[in-house]
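# Overview (structure and organization)
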Amino acid sequence: MFQALWSVPTRPYKSMQGALNGIRFVREHKVPFLGTCGGFQHMIIEFARNVFEFSEADHAEENPTSSFLIIVVRSSHLFGE
């Protein structure tokens, strides 16, 4: 069993679903979890999909055409625009 999981700040993950599966595993097994930056964003998506049952919850950078975006790019991050 893991002592803890840290979902690091990186994007894109090699497998978004793999990251979400890991986050779900630690949540369901009450393993301490730290999600920073993108890791925290993926934690929010996992929780929305699996606890609130918002199956379409998604990230604008991963799926910009999603019908239910819960993570979007802030305008302050759009350099040069």
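Everything that follows concerns the structure shown earlier in this document.
Reference entry: report on the structure contained in this document. (Residues numbered from 1 in each chain as written. Predicted model: local features only at pLDDT ≥ 70, side-chain atom pairs only at ≥ 80, totals over all residues. Heavy atoms only, no water.)

### What to know about the packing of helix H1 (residues 16-28) against helix H2 (residues 38-50)
Contact geometry of H1 with H2 gives a least axis separation of 9 Å together with a crossing angle of 70°. It follows that H1 is roughly perpendicular to H2 by the angle criterion. Side by side, H1 and H2 meet where Met16, Gln17, Leu20, Ile23, Arg24 and Arg27 of the first sit next to Gly39, His42, Met43, Ile45, Glu46, Phe47, Arg49 and Asn50 of the second. The residue inventory of the contact of H1 with H2, partitioned by class, reads 6 nonpolar, 4 polar and 4 charged. (Axes fitted to C-alpha atoms, helices over the stretch in contact; angles between N-to-C directions. Helix = DSSP H or I, 4+ residues; strand = E, 2+ residues; numbered from the N terminus. Parallel < 35°, antiparallel > 145°, perpendicular 65-115°, else oblique. Contact = heavy atoms within 4.5 Å. Nonpolar A, V, L, I, M, F, W, Y, C, P; charged D, E, K, R; others polar.)

### Focus: unusual backbone geometry
We note that Lys30 has phi near 55°; this positive angle belongs to a residue other than glycine. Secondary-structure assignment places Lys30 in the loop between H1 and strand S2 (33-35). Backbone geometry places Glu53, a non-glycine residue, at a positive phi of 60°. Relative to the assigned elements, Glu53 resides in the loop between H2 and strand S3 (57-59). With relative accessibility at 66%, the residue Glu53 sits in the exposed group. (Buried < 20%, exposed > 50% of the residue type's maximum accessible area, 1.4 Å probe, protein only.)

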